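# An overview of the molecular structure
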Amino acid sequence: MIQADKHLDKLSYHEIIETIALGSELPECLTQICEAIEQEMGLEAYSSILLLEGEHLRHGASPRLPPEYTSAIDGVTIGESVGSCGTAAYSKRQVIVEDIASSPLWEDFSSLALEHNLLACWSTPIFSSSNEILGTFAIYHRSVKTPNIEALNIIASYTHLSGVAIEKHKSSARQQTLIDALNNANSKLNAFLSVIPDLALVIDEFGAYVDIFGTNGKSGSLFENQQRVIGENVRDVFEHQEAEKVMSVIAKTIETGDVQVCEYHLNVEKGICIFEGRSAVVENYLPDEPDKKHIVWMGRDITRRKQNEDKIEKLAFYDSLTELPNRRLLQQHLQKVIDQSKDHRHVSALLYCDLDNFKRINDSLGHAIGDELLRLVAKRLKPILKADEIIARMGGDEFVIILSPIAGDSEKINTEARTTADKIIATMSRSFRLNEGEYKISTSIGIAIIENGDHSAGETLRRADSAMYQSKSAGKNRYAFYNPILQSVIDQRLQLEREISAAISQDQFIVYYQPQINPVTKRIIGAEALIRWQHPEKGIISPDHFIPVAEQSGLIFKLQDVVMKHSCDLIKGFDQNPNFKGKMSIAINISASQFSGDIEDALRSSSSEQDVDPKRLKLEITESMLMDDVDKIVQQMLRLKQEGFRFSVDDFGTGYSSLSYLQHFPIDELKIDKSFVAQIDIDGTAIVDTIISLSQTLGFNIIAEGVENENQLKHLTHHKVRGVQGYLIAKPMPENEFIEWAIKNER
Ligand code: C2E
Ligand code: CA
Ligand code: CA
């Protein structure tokens with residue numbers, strides 16, 4: 001090449017090199033080469049450059065050849081004897097044809113060449129630096145001609161230069177393709193980055209920001225000038241704790257090669273924002289520093305989402321009315337306190353508060369006022385608590401407080417709980433201003449101690465709740481600690497209550513009847529209905545075992561129905577028999593809770609439903625039932641009496657009422673208690689005699705119950721009591737036995 005170069009005109013050579021180097025279009029470079037060689041070789045030389053494309057030679061440059069010729073050979077397929085150029089390209093050697101007309105290589109093409117007066121053609125293959133054929137460089141002459149050494153050298157130089165031009169063009173074309181592909185990928189990436197809300201950063205393993213993308217995105221517009229972060233370090237941008245978090249995520253990403261996701265806070269111009277970061281390793285990011293590792297970090301501003309999540313959490317964990325924590329949050333907190341009491345020997349206490357007369361206010365003033373009251377209660381309770389104590393609304397008018405756990409024993413926490421309970425009761429005792437009125441409300445509190453992680457959250461709540469009920473039944477507006485002994489009584493009672501309820505639906509309750517007779521004639525005047533529980537396993541259970549529970553739970557009304565129904569059936573049965581028609585009356589025991597409750601309707605409806613005249617029913621009440629609101633009771637008794645019901649005072653003498661007091665009530669009969677009857681045998685007859693004679697003067701009928709022997713019967717008969725009842729006459733009997741007994745007795 002050096003040898004070749006010296007044949008070139010220095011100026012044109014440099015011009016051509018410059019043209020090539022400047023990246024001019026290939027035809028321009030090749031034309032310049034052709035013009036230069038033609039100038040150098042003399043004007044009878046016509047140059048032509050063809051470019052090899054696959055198997056074909058395509059036009060490259062031939063500034064002075066006739067255009068018809070040029071276009072005629074454009075695209076010719078190379079081969080063994082395809083003129084000078086086709087053969088040179090095919091055989092990869094220089095082909096010098098001095099006389100086209102006689103050359104066998106030109107056999108198929110000579111006429112075309114001769115037509116244009118082209119007589120000689122010397123063609124040289126153009127090689128690439130890697131020895132591939134790029135095309136051919138040819139010199140035509142209008143006369144038969146053989147090249148001398150100098151001409152061959154000149155041709156060699158320009159052929160080489162052509163090779164450089166073509167190769168340069170090819171590589172820049174390849175480069176262009178690469179650049180196009182890169183641009184394409186880049187514009188896709190940019191489009192992608194512009195629509196995703198993330199800010200994309202490239203960070204090296206030491207926390208230095210290397211690149212930033214997507215700065216126009218939503219998360220991107222955080223800093224006035226995002227680019228300034230380039231070159232900074234994570235540790236400059238973040239607060240210490242957050243920086244450490246981010247750095248550990250970077251380390252983990254590099255260590256595992258997996259995508260990592262994390263949340264972090266960043267103080268940006270609009271304030272502290274919450275971001276979600278995703279990181280992945282990016283390989284060989286800086287080819288100059290192949291040892292340095294990089295990650296790509298996508299940061300997304302999720303502040304809004306987090307705020308929404310917070311709102312949702314607020315809804316899920318807070319009571320919307322009072323804004324206090326709700327049951328769920330309380331349970332979580334309680335669990336923590338219980339765990340703490342297990343692990344750290346801490347003690348705490350749970351206070352279950354229930355407003356005493358909330359329902360009344362709510363019902364009488366309406367729910368809006370009720371809600372307002374609950375808000376005021378919450379507002380008043382909150383300041384009582386210490387910083388880490390929690391108060392929650394459990395629903396309705398129930399609030400729960402958990403004291404802050406303290407190191408110490410139950411003694412210490414007991415005192416704390418008492419103090420807090422006292423404070424609650426005191427603050428609630430001040431009246432509430434509502435709807436322009438003043439309202440008094442009180443609270444019953446149950447306290448359960450949390451110690452050694454002994455009990456579950458559910459059990460702790462249950463205990464405090466049952467202690468709260470103890471406060472209520474002890475008179476409200478007070479507190480009580482959970483008491484396991486009381487609790488077992490309550491549990492047993494609850495169990496019995498459930499059993500009674502089930503037994504009612506399974507018709508396990510039956511009625512026994514005990515006859516009452518006239519002591520003189522010995523004829524039956526009626527019977528007392530006494531309920532029994534015919535238990536499938538335990539046999540007959542006496543009423544003393546279930547009546548008190550039935551009274552407390554309200555089940556007594558259902559039991560009363562059973563007794564009423566059976567008694568009415570019995571009366572109707574006796575009415576079928578001419579000997580008894582219209583005579584049999586039944587005494588029914590009435591509980592205190594019934595008497596103050598809805599008894600009128602119950603009695604009325606069951607007697608009318610069963611079509612039995614109320615005159616046939618005697619209601620046994622006790623003295624204590626007559627102690628409360630006298631006027632009200634008298635009115636009620638009068639109404640019932642008007643319908644025909646009669647009243648008998650049961651267990652007479654055991655209460656504290658005087659006979660004169662009983663005069664105020666529409667009573668028909670006194671039933672002398674069996675303890676007085678029993679006294680006849682032991683202490684003499686003075687008391688019984690007095691009672692009987694006084695009652696008779698006041699106009700009451702007398703019945704004696706618990707008559708067990710002839711002596712008692714004789715004495716009572718002598719004193720003209722109207723009726724006697726007791727084991728001496730007959731024990732309480734099931735219905736069938738009683739009917740048999742009655743029929744036998746009447747004979
Ligand atoms: P009570 O009303 O004083 O009923 C009389 C109790 O004395 C009955 O006990 C009866 O079996 C028993 N008795 C009868 N004669 C004698 C006797 O000669 N000597 C002795 N020592 N006792 C005698 P019972 O049936 O166990 O009933 C107990 C209590 O249960 C009743 O006392 C009554 O208060 C209540 N009771 C029974 N049935 C009902 C009912 O249907 N409703 C309500 N509310 N209470 C009922
Ligand atoms: Ca009775
Ligand atoms: Ca009695």
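Scroll up to find the structure this text is about.
Attention here is on the structure that accompanies the text. Here the structure is a predicted model, which means the values were calculated and not measured.

Thresholds, definitions, all that
- Residues numbered from 1 in each chain as written.
- Chains lettered and ligands numbered in written order.
- Predicted model: local features only at pLDDT ≥ 70, side-chain atom pairs only at ≥ 80, totals over all residues.
- Heavy atoms only, no water.
- Pairing = 2+ DSSP bridges.
- Helix = DSSP H or I, 4+ residues; strand = E, 2+ residues; numbered from the N terminus.
- Axes fitted to C-alpha atoms, helices over the stretch in contact; angles between N-to-C directions.
- Contact = heavy atoms within 4.5 Å.
- Near = heavy atom within 4 Å.
- Polar contact = N/O pair within 3.5 Å; in protein donor to acceptor, adjacent residues only side chain to side chain.
- Areas by Shrake-Rupley, 256 points an atom, 1.4 Å probe, with all protein chains shown as cover.
- Nonpolar A, V, L, I, M, F, W, Y, C, P; charged D, E, K, R; others polar.
- Donors = N, O, S within 2.8 Å, 3.2 Å for Na, K, Ca; no water.
- Buried < 20%, exposed > 50% of the residue type's maximum accessible area, 1.4 Å probe, protein only.
- Phe/Tyr/Trp six-rings, centres within 6.5 Å; stacked < 30°, edge-to-face > 60°.
- Lys NZ or Arg CZ within 6 Å of the ring centre and 35° of its normal.
- Expected span 1.5 Å × (residues − 1).
- Arc of directions from axis to C-beta.

## Side note on the sheet that holds strand β10 (residues 271–282)
Ordered in space as β8-β7-β11-β10-β9, the five strands form an open sheet in which the pairing is antiparallel. The open sheet is flanked by β8 (209–213) and β9 (260–268), the only strands paired with a single partner. Put simply, the sheet's adjacent strands are angled 30° from each other on average, direction ignored. Two elements, strand β7 (residues 198–204) and strand β11 (residues 294–301), share seven bridges in a ladder whose sense is antiparallel. Among the inter-strand pairings, Asp 198 is bridged to a residue of β11, identified as Arg 300. Set on the sheet, helix α9 (residues 240–256) makes contact with β7, β9, β10 and β11; between it and β9 the angle comes to about 150°. On the sheet, helix α10 (residues 303–317) packs against β9, β10 and β11 and is oriented at approximately 115° with respect to β10.

## Some remarks on the site of ligand 1
Contacts to ligand 1 come from 21 residues, most closely from Gln 514, Arg 532, Asp 650, Glu 708 and Tyr 727. Within the side chain of Asp 651, one N or O atom sits 3.4 Å away from an oxygen atom of ligand 1. The contact in question runs from an oxygen atom of ligand 1 to an N or O atom on the side chain of Lys 674, over 2.9 Å. In isolation ligand 1 has 790 Å² of accessible area, and contact with the protein removes 84% of it. Secondary-structure elements contributing two or more residues to the shell around ligand 1 are β21 (524–535) and β25 (646–652). Looking at which element gives the most residues to the shell around ligand 1, the answer is β21, with four residues. For the shell around ligand 1, the per-class residue count stands at eight nonpolar, five polar and eight charged.

## A few points about the coordination of the calcium ion (ligand 2)
On the protein side, the calcium ion (ligand 2) has Glu 528 (OE), Asn 589 (OD1), Glu 620 (OE) and Asp 650 (OD) as donor atoms, found 2.1 to 2.4 Å from it. Mapped onto the sequence, the residues coordinating the calcium ion (ligand 2) show the spacing E-x60-N-x30-E-x29-D. A gap of 3.9 Å separates the calcium ion (ligand 2) and the calcium ion (ligand 3), which Asp 650 links by coordinating each metal. In this pair, Glu 528 sits in strand β21 while Asp 650 sits in strand β25, placing the two residues 122 residues apart along the sequence. Each of the two residues, Glu 528 as well as Asp 650, counts as buried.

## Thoughts on the packing of aromatic side chains
Applying the stated rule across the entire model yields 14 aromatic pairs. Taking 4.8 Å as the distance between ring centres and 65° as the angle between the ring planes, the aromatic pair formed by Phe 574 and Phe 580 counts as edge-to-face. Three or more aromatic residues joined by ring pairs form one cluster here, namely Phe 238, Tyr 264, Phe 275 and Trp 297. Note that Lys 314 overlies the ring of Tyr 318, its terminal NZ or CZ placed 4.2 Å from the centroid.

## Some remarks on helix α14 (residues 410–429)
End to end, α14 covers 28 Å across 20 residues, agreeing with the expected 28 Å (1.5 Å per residue, within 8%). Inspection of α14 places Ile 413, Ala 417, Thr 420, Ala 421, Ile 424, Ile 425, Thr 427 and Met 428 among the buried residues, and these make up the whole buried set. The buried side chains of α14 occupy one side of the element, clustering within an arc of 165° when seen end-on.

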